[in-house]
Structures are given as C-alpha cells and as structure tokens.
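The lines below spell out each chain.
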Amino acid sequence: MPKRPGRALTALLTALGLVLGSSPYKLFLTPNHISAGGFTGIGIVLNYLMNVPVGAFGLLMNIPLLLISCREIGTSFALRTAVSVIACHLLIDLLPFQAMASEPLLCAIFGGLLLGIGRGLLVRCGTTTGGTDLLAYLIKRRMPHLSVGTILQVLDMSTILLAGAVIGAEYAMYALVCIYFSGKAVDMAVS
C-alpha cells in the first residue's frame, strides 16, 4: 500500500472519498434496488420493502462493530473509523441528489465505480466506512486462517443472495456487476 499523504491532503482526500463513496446510493443504487453488499446493501433491501433510510440503517448496524473495534484494534483507528462511518452514513441519507439514471446495468457500473473510488481513497487515508470491511477485519483477528477477501466475499454474497430472494435474481446479478466494478476502482484508487 502506498504511503499515507500528509494531514491536509489526508483531510481533503477523506472528504472527497466520503462524498464519492456516499453519492452512488442516491444517484444509482437505492433508486434501482441494487444491493452492493454489506450493511448498506441490507439497508437497500429494507428500503425496498419498508422505505427504511439506507444510511440510518447502516449507521445503527455499525455501532456495535465500532465499540468492539475500539477494544480489539485500538482507539486511534476506531475513532478515525467512527468519524468516517458517521459522515458516510449521514451523507447517504442527506445528500440532495436525485437518481441520475434508471437503466440498472449503467447504474451498477457507475455506482460501483464511484463507490470503489470513494472506498479506495478512504483506505489510502487509513480509514474505512465500517460495515462488512470492519466486520471482516474483526473476524480475521479471531480466525487468522481465513483471508479478509474470503470473509468479505462470504458476507457480501450473503447480502446479494438476500437481495436476490427479496427483490429478484436480476437485481442480484446487477449487484455482482456493481461489486466487480467497485473492486476494480478500489484497486485503482489505492495504487
């Protein structure tokens, strides 16, 4: 992983990463029922069923993980992550954006790209938006024989299977496309 940037640049890149990582939910994913894995993916399924705010649900799901990470990983990382988690999930619900497109494949591609660039910038700055990323890290500490990537795949696939069962198989396939492009964009932003 590349060296972390200086403080001012870190703050700027973190803010940019938070906006880029939050905006695809209103622009592409939530209005088109594309559950891109993780807690926010479950939030999209609940939004589809009961109009639950995606960001608020993700924030509530992250609270226990943040408390555990404070004890398990350390307060410095946990505090940085808590700030990012709170900001990201508030932005998901509060950004004043409207859906940009209704074609699910375009939304999966562009939603995944924006999501991945945002997440990659945050990783580069030494933080995360919590969720399954943080859960995978905590599981890895307890089960070192498992890779973080494998844990993330299992967690995200569980969310996608849930979305497929509730919303429809076609939307689960769009979620896979979104996750693919998100992963590629994370790698690009981190390198």
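Not measured: the values here are computed from a predicted model.

Asks: Can you help me understand the packing of helix α5 (residues 104-124) against helix α8 (residues 169-190) in this one?
Replies: Where α5 meets α8, the axes come as close as 6 Å, and the angle between the chain directions of the two elements is 35 degrees. At the point where α5 passes α8, the crossing takes the right-handed sense. Partitioning the contact of α5 with α8 into residue classes produces 18 nonpolar, five polar and two charged.

Asks: Just to check I follow, could you spell out the pattern of salt bridges for this structure?
Replies: One pass over the full model with this rule turns up two salt bridges. One salt bridge in this structure joins E72 and R71, with 3.6 Å as the shortest N-O distance. Using a relative accessible area of 21% as the deciding quantity, one classes E72 as partly exposed. Classification of R71 by relative accessible area gives exposed; the value is 62%. Taking the shortest distance from any N to any O, the salt bridge between E72 and R142 comes out at 2.7 Å. Note that E72 is positioned in helix α3 (residues 54-72) and R142 in helix α6 (residues 131-142), a separation of 70 residues in sequence. R142 gets classed as exposed once you look at its relative accessible area, which sits at 60%. Salt bridges here are not isolated pairs; linked through shared partners, they connect R71, E72 and R142.

Asks: Explain the side chain of D156 to me, please; I cannot follow it from the model alone.
Replies: Within the secondary structure layout, D156 lies in helix α7 (residues 148-166). As a buried residue without a salt bridge, D156 has its nearest oppositely charged side chain in R119, at a separation of 5.5 Å. Non-local contacts of D156, meaning those with residues more than four positions away in its chain, are made with G37, G38, T132 and I179.

Asks: Would you mind showing me how to read the environment of L114 here?
Replies: Looking at the secondary structure, you find L114 in helix α5. On the basis of relative accessible area, L114 is assigned to the partly exposed category, the value being 22%. Considering only alpha carbons, one finds L114 and C178, 64 residues apart in sequence, at a separation of 9.9 Å. For L114, the residues in contact, after removing those within four places along its chain, are L20, G21, S23, P24, L27 and F28.

Asks: Is there a simple way to think about the side chain of T30 in this case?
Replies: Tracing the chain through its elements places T30 in the loop between α1 (7-29) and α2 (38-50). When its relative accessible area of 15% is taken as the criterion, T30 is described as buried.

Asks: When you look at the nonpolar core in this model, what are you seeing that I'm missing?
Replies: Counting residues in hydrophobic clusters, the biggest one holds 20 residues, and the most contacted among them are Y25, L29, I34 and C178. Among the elements of the structure, α1, α4 (75-94), α5 and α8 are those that each provide at least two residues to this core. Per-element tally for this core: the top contributor is α1, with five residues. Here Y25 is in contact with T30, P31, T40, I44, V54, I92 and L115, once residues within four sequence places are set aside. Of all hydrophobic cores here, the second largest spans seven residues; its members include F39, L66, V85 and L138.

Asks: I would appreciate a short explanation of the packing of aromatic side chains in the present structure.
Replies: For any two aromatic rings, the description comes down to two numbers: the centre-to-centre distance and the angle of the planes. Evaluated as defined, the whole model comprises three aromatic pairs. Here the aromatic rings of Y180 and F181 are separated by 5.4 Å at their centres, their planes lie at 90 degrees, and the arrangement is edge-to-face. Residue class for F181 comes out partly exposed when judged on its relative accessible area of 27%.

Asks: I would appreciate a short explanation of α2 in the present structure.
Replies: For the α-helix, the turn length of 3.6 residues means that residues three or four positions removed from each other point alike. Along its 13 residues, α2 runs 18 Å from first to last C-alpha, staying within 8% of the 18 Å computed at 1.5 Å per residue. Looking at the residues trailing α2, positive phi occurs at N51, about 60 degrees.

Asks: Explain the packing of α1 against α5 to me, please; I cannot follow it from the model alone.
Replies: How two helices pack is summed up by the angle between their axes together with the distance between the axes. Here α1 crosses α5 at 160 degrees, and the two axes come no closer than 7 Å. Taken together, the axes of α1 and α5 lie roughly antiparallel to each other. α5 is crossed by α1, and the crossing has left-handed handedness. Its residues assigned to classes, the contact of α1 with α5 shows 16 nonpolar, six polar and no charged.

The rules behind these values
Residues numbered from 1 in each chain as written. Predicted model: local features only at pLDDT ≥ 70, side-chain atom pairs only at ≥ 80, totals over all residues. Heavy atoms only, no water. Axes fitted to C-alpha atoms, helices over the stretch in contact; angles between N-to-C directions. Helix = DSSP H or I, 4+ residues; strand = E, 2+ residues; numbered from the N terminus. Left-handed = near helix turned anticlockwise from the far one by under 90°. Nonpolar A, V, L, I, M, F, W, Y, C, P; charged D, E, K, R; others polar. Salt bridge = Lys/Arg side-chain N within 4 Å of Asp/Glu carboxyl O. Buried < 20%, exposed > 50% of the residue type's maximum accessible area, 1.4 Å probe, protein only. Lys, Arg positive; Asp, Glu negative; His and termini not counted. Contact = heavy atoms within 4.5 Å. Core = buried A, V, L, I, M, F, W, Y, C linked by side-chain atoms within 4.5 Å. Phe/Tyr/Trp six-rings, centres within 6.5 Å; stacked < 30°, edge-to-face > 60°. Expected span 1.5 Å × (residues − 1). Parallel < 35°, antiparallel > 145°, perpendicular 65-115°, else oblique.

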